[in-house]
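The chain contents come next:
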Amino acid sequence: MSSKLGTAVVTGASSGIGAVYADRLGARGYDLLLVARRVERLEKLAADLRSKYGVHVEVVGADLGKASDLEQFADRLRGDEHVTLLVNNAGLAYMTPSAELSAAKAQEQINVNVTALVQLSLAVLPRFVAKNAGTLINISSVLSIFAMPLSTTYSGTKAFVTLFTQGLQQEVKDTKIRIQAVLPASTATEIWDVAGIGGHGVLDPATVMSTEACVDAALAGLDAGELITFPSLEDGALWSHLEQARLAIPAAVNTRIPASRYTSRV
Ligand SMILES: NC(=O)C1=CN([C@@H]2O[C@H](COP(=O)(O)OP(=O)(O)OC[C@H]3O[C@@H](n4cnc5c(N)ncnc54)[C@H](OP(=O)(O)O)[C@@H]3O)[C@@H](O)[C@H]2O)C=CC1
Ligand SMILES: N[C@@H](C=O)C(=O)O
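Residues numbered from 1 in each chain as written. Chains lettered and ligands numbered in written order. Predicted model: local features only at pLDDT ≥ 70, side-chain atom pairs only at ≥ 80, totals over all residues. Heavy atoms only, no water.

- Labelled according to an unreviewed UniProt entry, the protein appears under the name NADP-dependent 3-hydroxy acid dehydrogenase YdfG, originating from Granulicella mallensis.
- The annotation that UniProt attaches to the protein under Sequence similarities (unreviewed entry) is "Belongs to the short-chain dehydrogenases/reductases (SDR) family." (UniProt positions renumbered as here; feature names shortened; annotations may be inferred.)

## Observations regarding the environment of V83
So, step 1. By the secondary structure assignment, V83 is in strand β4 (residues 83-88).
So, step 2. Of the residues examined, V83 reaches a relative accessible area of 2% and is grouped as buried.
So, step 3. For the pair V83 and V124, spaced 41 residues apart in the sequence, the C-alpha separation amounts to 7.7 Å.
So, step 4. The residues touching V83, leaving out its near neighbours within four places in the chain, are T7, V9, L77, V124, R127 and F128. (Helix = DSSP H or I, 4+ residues; strand = E, 2+ residues; numbered from the N terminus. Buried < 20%, exposed > 50% of the residue type's maximum accessible area, 1.4 Å probe, protein only. Contact = heavy atoms within 4.5 Å.)

## Focus on the pattern of salt bridges
Note on pairing: side chains with opposite charge can pair once their charged atoms come close.
So, step 1. If you walk through the whole model with that rule in mind, you get 12 salt bridges.
So, step 2. Across the salt bridge formed by E190 and R41, the nearest N and O atoms sit 2.8 Å from each other. One end of the pair, E190, is in the loop between β6 (178-182) and α6 (191-194); the other, R41, is in helix α2 (residues 39-53), with 149 residues separating them in the sequence.
So, step 3. Among the residues examined, E190 registers a relative accessible area of 29% and is labelled partly exposed.
So, step 4. Residue R41 is classed as partly exposed on the basis of its relative accessible area of 31%.
So, step 5. Residue D174 pairs with K173 through a salt bridge whose shortest N-O separation is 3.7 Å.
So, step 6. Its relative accessible area of 54% is what places K173 among the exposed residues.
So, step 7. Taken together, the shared-partner salt bridges connect D23, R24, K52 and D216 into one network. (Salt bridge = Lys/Arg side-chain N within 4 Å of Asp/Glu carboxyl O.)

## A short note on the side chain of N138
So, step 1. Within the secondary structure, N138 is located in strand β5 (residues 135-139).
So, step 2. Overall, N138 belongs to the buried group, its relative accessible area being 0%.
So, step 3. Here T165 takes part through its side chain, which lies 3.0 Å from a polar atom of the side chain of N138.
So, step 4. Each residue touching N138, except ones within four places of it in the same chain, is listed here: N88, L117, S121, V161, F164, T165, Q180, A181 and V182. (Polar contact = N/O pair within 3.5 Å; in protein donor to acceptor, adjacent residues only side chain to side chain.)

## As for the site of ligand 1
So, step 1. Inspection of the region around ligand 1 gives 30 residues, with S14, S15, R37, Y154 and T189 positioned closest.
So, step 2. One of the backbone nitrogen or oxygen atoms of I191 is found 3.3 Å away from an oxygen atom of ligand 1.
So, step 3. Bound to the protein, ligand 1 loses 96% of the 870 Å² it would expose on its own.
So, step 4. Because more than half of its atoms lie within 2 Å of the grid, ligand 1 is assigned to the largest pocket.
So, step 5. Of all the secondary-structure elements, those providing two or more residues to the shell around ligand 1 are α1 (16-27), α5 (152-171) and α6. (Near = heavy atom within 4 Å. Areas by Shrake-Rupley, 256 points an atom, 1.4 Å probe, with all protein chains shown as cover. 1 Å grid on protein atoms, 1.4 Å probe; cavity = no way out; pocket = protein on both sides within 12 Å on 5 of 7 lines; lining within 4 Å. Sits in = over half its atoms within 2 Å of the grid points.)

See below:
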């Protein structure tokens, strides 16, 4: 029997933040559809969640950075009327100076962090709009609002995620569809191994959040109706001030007259 809450899809559920989202959404009573490349990890998690929560859990092995796998999974979501929640979580970071970043690794970050997130968001949105219901959670990063010297391409992908998600939020603001962007700071996961900096153990432990605390905060933000959730930002006014300044610019540039600093040459 299908859950009355429907099916929650979690991409990148084989480790880290995605694995905790799968646990928390299973605990809430969602059936689960978990996708990643490491199927053996997904199957172990699925067995655990079935036994803990009695929910239906399906596992799909797919490389979302590969166009054919992505297209197939997007088609699956497009055609699955039980999907009521999507967590676009799959992602990776290569932390390296751009001059040393291979084209392949740059493209892989774009393929997974951007292309897969867009295609899967667009795969579920038409049904959410038709039903005037549904939840989309896009996992961005605090590195979407600034770039460190080693995070240039990664930050660029996450800047896309945050702005793309804000655009979708504008589109559905008069509906009952919930769309949230989550911007974690450093969180204790394997991403830091993939990033090539030797794992999160090289970071100051006081600055690294547990995956459970990160996801529980993100879900609390979702439940509170937040559009943008920073799990570790205590002073939310910092974001409001940034948004206020950002949103003042479109009106200020809406003129045919060039700014005087560019025309008053002496
Ligand atoms: N940890 C942190 O400090 C922060 C993380 N984030 C974001 O959180 C999200 C989750 O990452 P996190 O949990 O930290 O890191 P992990 O490396 O633990 O998890 C990443 C997940 O993404 C999946 N994934 C990566 N590449 C692919 C691919 N090509 N196809 C399918 N799945 C893929 C991995 O599965 P598999 O390898 O099995 O395919 C894995 O399940 C990412 O979007 C990341 O950018 C944001 C801010 C901070
Ligand atoms: N994923 C983290 C960096 O690797 C981050 O977004 O902070």
